[in-house]
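Architecture at a glance
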Amino acid sequence: MVKRLHIVVVTGMSGAGRSTALHVLEDLGFFCVDNLPPSLSSSLVSLVGSDREISRLGLGIDVRTGTFLQGLEQEIDALSASGHEVEILFVDCGEESLLRRFKETRRPHPLANGGDVTAAILAERERLGPLRARADHIFDTTEMNVHDLRTALIDHIARGGTGRKMVTRVVSFGFKFGIPLDADLVFDLRYLPNPHFVPELKAQTGTHPEVAKFVLESEAADALLARLLPLLKDTVPRHEREGKAYLTIAVGCTGGRHRSVAIAEELVKQLRADREVYVVHRDVKRLAPSR
């Protein structure tokens, strides 16, 4: 018997932030697949549902799906009828902002075969109209940047299932790229042993088991966690009782690829025993900084 899954269908206008939204779901622990033909969704759900480690599935759908888009609504109905929790998130944006974004990024619109982006946007809006009409939640990104959208999505997913008042995030970052603007608590980890100087670990990130072992088994990291975890377990609930909607705990190293990532993963692992906590590795995909 296939278990009940939380399935989020992410769709919307090209350039509005659909890919960003799908990446956020991945950060929140969703198993995500982009542009899967709707006719194959039932097979995917059966396969994913048999995996004990996966309970949340994200499906990215846009106009590149082509004629397959026509069967999407029927597939969504079938998944809901099977007992799965299915919701549609539609990422939208005003035409002027979309035009500006395509101009700035110089990326082609998937429907602008003749180069007329304005006509392509109108055609796309018409094709996606039925999905927008039945969307459970619409995110208008006209006045949003990628960080605003990320925060809004994390808030939506957290409030939808946990019933908690405060969204708690642990963000790893590199001081080289600046402290996160939304950070409430900042911890500097640059004194921890640095895997960057170990040749076999340099190219990896803090999510790699050997890198995590190198960082976490150091005496300095052990002392840090022995003090930091009790502090957070005491203070995070106090922030929540004060009515805070978001709490961002930022942990930084030089480049945001090794030490901060490993410590962030360990903090989230420990804090999740008491509450829902999300991890974001802001700078892990940036080029390794030169020393």
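Everything numeric here is computed off the predicted structure, so don't read it as measured data.

1. A few points about helix α5 (residues 117–133)
Between its terminal C-alpha atoms α5 stretches 23 Å, which fits the 24 Å expected from 17 residues at 1.5 Å a residue. Along α5, the largest kink reaches about 45 degrees and is centred on Arg127; proline Pro130 follows within four residues of it. Inspection of α5 places Ala120, Ile121, Glu124, Leu128 and Leu131 among the buried residues, and these make up the whole buried set. Buried residues along α5 sit in contact with β1 (6–12), α3 (72–81), β4 (85–92) and α4 (95–105). Its side-chain oxygen at 3.3 Å from the backbone nitrogen of Thr118, Asp116 defines the N-terminal cap of α5.

2. Some remarks on the pattern of salt bridges
Here the structure, examined in full by the defined rule, presents 13 salt bridges. Here Arg150 ties to Asp27 by a salt bridge, and the two come within 2.7 Å at their closest N and O atoms. Here Arg150 is found in helix α6 (residues 146–161), whereas its partner Asp27 is found in helix α1 (residues 18–27), with 123 residues between them in sequence. A salt bridge links Glu73 to Arg134; its shortest N-O distance comes to 3.5 Å. Of this pair, Glu73 sits in helix α3 while Arg134 is found in the loop between α5 and β5 (137–140), placing the two residues 61 residues apart along the sequence. Through salt bridges with shared partners, one network takes in Asp92, Glu95, Arg125 and Arg132.

3. Observations regarding the packing of helix α9 (residues 219–241) against helix α10 (residues 259–271)
One way to put it is that α9 packs onto α10 with a least axis distance of 11 Å and a crossing angle of 45 degrees. In terms of orientation, α9 and α10 fall into the oblique class. In the packing of α9 onto α10, the handedness of the crossing is right-handed. Where α9 approaches α10, its residues Ala221, Leu224, Leu225, Leu228, Leu229, Leu232 and Lys233 are matched on the opposing element by Ile263, Glu266, Leu267, Gln270 and Leu271.

The rules behind each value
Residues numbered from 1 in each chain as written. Predicted model: local features only at pLDDT ≥ 70, side-chain atom pairs only at ≥ 80, totals over all residues. Heavy atoms only, no water. Helix = DSSP H or I, 4+ residues; strand = E, 2+ residues; numbered from the N terminus. Expected span 1.5 Å × (residues − 1). Bend = angle between axes of the 7 residues up to and from the residue. Buried < 20%, exposed > 50% of the residue type's maximum accessible area, 1.4 Å probe, protein only. Contact = heavy atoms within 4.5 Å. Polar contact = N/O pair within 3.5 Å; in protein donor to acceptor, adjacent residues only side chain to side chain. Salt bridge = Lys/Arg side-chain N within 4 Å of Asp/Glu carboxyl O. Axes fitted to C-alpha atoms, helices over the stretch in contact; angles between N-to-C directions. Parallel < 35°, antiparallel > 145°, perpendicular 65-115°, else oblique. Left-handed = near helix turned anticlockwise from the far one by under 90°.

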